[in-house]
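Listed here are the chains, written in short residue letters.
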Amino acid sequence: MTLNGKFYDSYADEASCRPISKFKLEDEPNDPEVIKNLILDELLLDGNAKQNLATFCQTDLEKNVHEIMDKCIDKNMIDKDEYPQTAEIENRCVNIIADLWNSPNPTGTIGCSTTGSSEAAMLGGLALKWRWREQRKKEGKPTDKPNLITGPVQICWHKFALYFDIELREIPMEQDRYLMTPEEVLKRVDENTIGVVPTLGVTFTLQYEDVKSISDALDQYQKETGINIPIHVDAASGGFVAPFIQPNIIWDFRLPRVKSINASGHKYGLSPLGVGWVIWREKEDLHNDLVFEVDYLGGLMKTFTLNFSRSAGPIVSQYYNFIRHGRNGFAKIHNVCVGHGIFIGEQVSKLGIFDIIYDGKTGLPGVAWTLKKDAKVNFNLYDLSERMKIRGWQVASYLLNITEKNIVIQRVLVRHGFSRDMAQLFIDDLIRSIDYLQKHPLASNIDHADGQSFHH
Ligand SMILES: Cc1ncc(COP(=O)(O)O)c(C=O)c1O
Ligand SMILES: NCCCC(=O)O
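Residues numbered from 1 in each chain as written. Chains lettered and ligands numbered in written order. Predicted model: local features only at pLDDT ≥ 70, side-chain atom pairs only at ≥ 80, totals over all residues. Heavy atoms only, no water.

- Under the annotation held in an unreviewed UniProt entry, the chain carries the name Glutamate decarboxylase and is attributed to Dictyostelium purpureum.
- As its UniProt record puts it under Catalytic activity (unreviewed entry), the chain is described as follows: "L-glutamate + H(+) = 4-aminobutanoate + CO2".
- According to the UniProt record, the Cofactor (unreviewed entry) comment for the chain is "pyridoxal 5'-phosphate". (UniProt positions renumbered as here; feature names shortened; annotations may be inferred.)

Rendered as structure tokens:
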């Protein structure tokens, strides 16, 4: 709105006195300040990211990261000739991560940044497929039935299998076993298995699958059958937790059978959304066919990602975090988060109506629980999640697909930017919500079909 020909107020402007376009581009422009305010107002309807206890992703970014992201907003990380220093920084991150994961040749191996772990996982999976197919061709054997063995995996592996024509042999959860085990793997491997994918930080229960036991079992299998099956570790979350606070867990390139690993920088790598990493044990573990050379960016450049253009900001932020925190900084941050997760688990357990599925001590910082079978309550975990939103808490409740009997569990992830005070406030609100739901029984309970649960 103008007054005496000068702009004077966003909310008196005509653009804020009518709906803004939602389905087509209007003919005339609008005042940028007004539109910015209207859009930011609309975003107030989103949850508060810091109270999003369902996400694995980093939601507390310090001001220096904001400054780096802003300064890199115009840099396309794929333009390695135009921005050689950014390319160098990405390479340094690959070296740092390869060393962190104990590659035998951290400065000589190969890896790259990706949009996240989904892309990184698929690149790892493709390398497994190419390696298997080349070996089968050398042996003069058919290559039409590749399969992949996983435990209860994140949706990206189902996408990978569908997109790239791989039979996914996912080991289902059972009453007394939620994770992949060597025995269950050996039931499913054969000469067409391109690889086995243990997860370090299972999406559903936050636990680590036992990579070393699976590797040992595949070593024995190879001795008995001559079939050499590699491992790709999906360390989307655990890849930036275990090295710092659980060094005795052997899950990475210390196991020769582990040929590639993915992790999300934007989860426990403490970096802003939009960065994942995939690292191969050695350069030879990524088939040359999968590496493309492009020269239309001003110079010959290698690329082997699914995505091309991407902001350099998250990559540079990742490097900043590595240098700013160091191993001891990451360890301090994640150990504190583990402590908050264990505290929440202990307080939840004291309420007497929950069974703790994961207590926060051996996997990711967080906790997961289910309602006791004999809990005398008139709500379910979906109702509880819904009630907690009144105070801004986003707590994931979802179905665990367990053979013969599904159960609903609730999960809290603890990430940098959370405190013991916040943990206590969460518990206080959990108790308030339980009391409220007990006093005010719902006419009907929410269920999985209502779409109130979290789908990731
Ligand atoms: C085990 C696991 N793998 C892969 C992914 C996908 O990661 P991103 O969201 O970075 O693509 C996730 C996300 O939760 C995950 O937990
Ligand atoms: N892999 C990430 C799923 C979504 C999230 O944690 O926010």
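1. Quick notes on the UniProt feature "modified residue: N6-(pyridoxal phosphate)lysine" (unreviewed entry) in the chain
Thought 1: Mapped onto this structure's residue numbering, the UniProt feature "modified residue: N6-(pyridoxal phosphate)lysine" (unreviewed entry) falls at K267.
Thought 2: Along the chain, K267 falls in the loop between β8 (258–264) and β9 (276–280).
Thought 3: The class for K267 is buried, based on a relative accessible area of 14%.
Thought 4: Contacts of K267, omitting those with residues within four sequence positions, involve F56, C57, Q58, A236 and S237. (Helix = DSSP H or I, 4+ residues; strand = E, 2+ residues; numbered from the N terminus. Buried < 20%, exposed > 50% of the residue type's maximum accessible area, 1.4 Å probe, protein only. Contact = heavy atoms within 4.5 Å.)

2. Some details on the sheet that holds strand β15 (residues 407–413)
Thought 1: Strand order in the open sheet formed by four strands is β12-β13-β15-β14, with antiparallel pairing between adjacent strands. Of all strands in the sheet, those with a lone pairing partner are β12 (354–358) and β14 (396–400), marking the two edges. If you compare each strand with its neighbour and ignore which way they point, the axes differ by 35 degrees on average.
Thought 2: Note: β12 against strand β13 (residues 366–371), four bridges, orientation antiparallel. Bridge pairing in β13 links F354 to L371. (Pairing = 2+ DSSP bridges. Axes fitted to C-alpha atoms, helices over the stretch in contact; angles between N-to-C directions.)

3. Notes on helix α11 (residues 420–439)
Thought 1: The terminal C-alpha atoms of α11, which comprises 20 residues, lie 29 Å apart, in line with the 28 Å expected from a rise of 1.5 Å per residue.
Thought 2: Against the buried residues of α11 lie α9 (313–350), β12, β13, α10 (381–388) and β15. (Expected span 1.5 Å × (residues − 1).)

4. Side note on the packing of α10 against α11
Thought 1: As a packed pair, α10 and α11 sit with axes 9 Å apart at the nearest point and diverge in direction by 120 degrees. It follows from the interaxial angle that α10 and α11 lie oblique. In this structure, α10 meets α11 at a crossing whose hand is right-handed. Side by side, α10 and α11 meet where D383, L384, R387 and M388 of the first sit next to F426, D429, L430, S433, I434, Y436 and L437 of the second.
Thought 2: In terms of residue class, the contact of α10 with α11 is made up of seven nonpolar, one polar and three charged. (Parallel < 35°, antiparallel > 145°, perpendicular 65-115°, else oblique. Left-handed = near helix turned anticlockwise from the far one by under 90°. Nonpolar A, V, L, I, M, F, W, Y, C, P; charged D, E, K, R; others polar.)

5. Details of the nonpolar core
A general trend in soluble globular proteins is that nonpolar side chains are found buried together.
Thought 1: In this structure, W101, V185, V196, V233, F240 and W251 are the most contacted members of the largest nonpolar core, which totals 72 residues.
Thought 2: In terms of residue count, α9 provides more of this core than any other element does, nine residues in total.
Thought 3: Residue assignment places this core across two domains, with domain 2 (66–322) and domain 3 (334–439) each supplying three or more.
Thought 4: Leaving out residues up to four positions away in the same chain, V233 has contacts with P198, L200, V211, W251, V258, S260, I261 and N262.
Thought 5: Core analysis: the second largest hydrophobic core is formed by 27 residues, F343, V367, V412 and V414 among them. (Core = buried A, V, L, I, M, F, W, Y, C linked by side-chain atoms within 4.5 Å. Domains from an automatic or database assignment.)

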